[in-house]
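Spelled out, the chains give:
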Amino acid sequence: MLEGRFVEMNHFYHYVISAKSVTKRRQAQIERFAKWGMQPQFFDAIMGNQLSEEELDKLSATEGLLTLGEIGCALSHLGVYQKLLDSQEKCVYVFEDDAKMTDEFIKLQPKIQQFMEEQSEPTVLVLCTIIGHKKSIRKISPDVSIMKCLAGISAYAYVLNRKAAENLLKAQMPVKIELDAWAIYQKLGFIRLYCLSKDVVQLDEALDKDSIIDNISDRFVRDRQKVKILKDKHVKNWYRHLSTSEKIRFFGRRISRHIKELYYENSEK
């Protein structure tokens, strides 16, 4: 019954990022996609701890900001962006292997696709709600809206278009900061950020707790001050490479954000 109801969904362009060796996670995704008569398209996750020193020097410029696990994670997502640009598709849905699609996502996907295809600017739409200031811009069901976001982090399930993929590949190759620094990208004009008002793609909490990234190296034992200094350095370098007109727009966005914070919904509280 479900397969017949959702047959129009079967061709949406996506990748599930998953380590080839972790068969339990892959099998879970195969079973989830099968519920709707679909097969997941896997992207073999790049494992940072399996890269040679030469490869790390070529593919990352983090200066110790990111762990090996985070570098591999970023490279994997960037690899999916390149797959999008190598295709004729307008956008790609990116899932990590601890993401769980729901019936609600399946029903709403055509409307999400329509929204993405309407966007002429570089766009990222996170397929769940994220913490931060946001404002509803389009209702896609009685209880789900697309929200314009001023900030937020989450990368287990999202969709981005070609322009966003181009900008992020240009900025993050070699990798410099964490992949889901959406607020920073938006400030610099690399993307426009949206999320949903509801988690129509959910996080498998059990799998999330057994993080492959943290099994490679713990993200939470670093010197926070050093992390901030290094991140600021990379952001300032991105800013220096903006054109004069882009720098003017950068300051315009900063002013606009402060104004919008006064009337956007704030889920940080």
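Residues numbered from 1 in each chain as written. Predicted model: local features only at pLDDT ≥ 70, side-chain atom pairs only at ≥ 80, totals over all residues. Heavy atoms only, no water.

So what about the overall build of the protein? Which residues, and what values?
Per the secondary structure count, the protein includes eleven helices and eleven strands. Residues counted as buried form 48% of the 269 residues belonging to the protein. Taking contacts inside the protein between residues at least 6 apart in sequence as the whole, the part at least 24 apart equals 79%. Accessible surface, the protein: about 13900 Å² in total, of which carbon and sulfur atoms supply 51%. (Helix = DSSP H or I, 4+ residues; strand = E, 2+ residues; numbered from the N terminus. Buried < 20%, exposed > 50% of the residue type's maximum accessible area, 1.4 Å probe, protein only. Contact = heavy atoms within 4.5 Å. Areas by Shrake-Rupley, 256 points an atom, 1.4 Å probe, with all protein chains shown as cover.)

Outline the side chain of Asn161, supporting the account with residue identities and numerical values.
When you line up the elements, Asn161 lands in strand 8 (residues 157-161). Of the polar contacts made by the side chain of Asn161, one reaches the backbone oxygen of Glu121; its length is 2.9 Å. With residues up to four places along the chain from it excluded, the contact list for Asn161 reads Leu84, Lys90, Cys91, Met116, Gln119, Glu121, Pro122 and Thr123. (Polar contact = N/O pair within 3.5 Å; in protein donor to acceptor, adjacent residues only side chain to side chain.)

An account of the packing of aromatic side chains is needed here, citing residue identities and associated values.
Evaluated as defined, the whole model comprises 17 aromatic pairs. Ring geometry for Phe95 versus Phe105: centroids 6.1 Å apart, planes at 85°, classification edge-to-face. Note that Phe95 is positioned in strand 3 (residues 91-96) and Phe105 in helix 5 (residues 103-118), a separation of ten residues in sequence. An identical accessibility class is assigned to Phe95 and Phe105; each is buried. A centroid spacing of 6.5 Å and a plane angle of 40° characterise the contact between Tyr185 and Phe190, whose relative ring orientation is tilted. The exposure class assigned to Tyr185 is buried, which follows from its relative accessible area of 0%. The class for Phe190 is buried, based on a relative accessible area of 11%. (Phe/Tyr/Trp six-rings, centres within 6.5 Å; stacked < 30°, edge-to-face > 60°.)

Lay out the pairing of strand 1 (residues 14-18) in plain terms, naming residues and giving numbers.
Here is the key point about a regular strand: its side chains alternate between the two faces of the sheet. Of all five residues in strand 1, five are buried, a share of seventy percent or more. Bridge count between strand 1 and strand 3: four bridges; the pairing is parallel. When the bridges of strand 3 are listed, Val16 appears paired with Phe95. Across three bridges, strand 1 lies against strand 2 (residues 42-44) in parallel orientation. Residue pairing across strands places Val16 opposite Phe42, the latter belonging to strand 2. With helix 2 (residues 23-34) bridging strand 1 and its parallel neighbour strand 2, the resulting β-α-β unit is right-handed. (Pairing = 2+ DSSP bridges. Right-handed = clockwise from strand over helix to strand, strands pointing away.)

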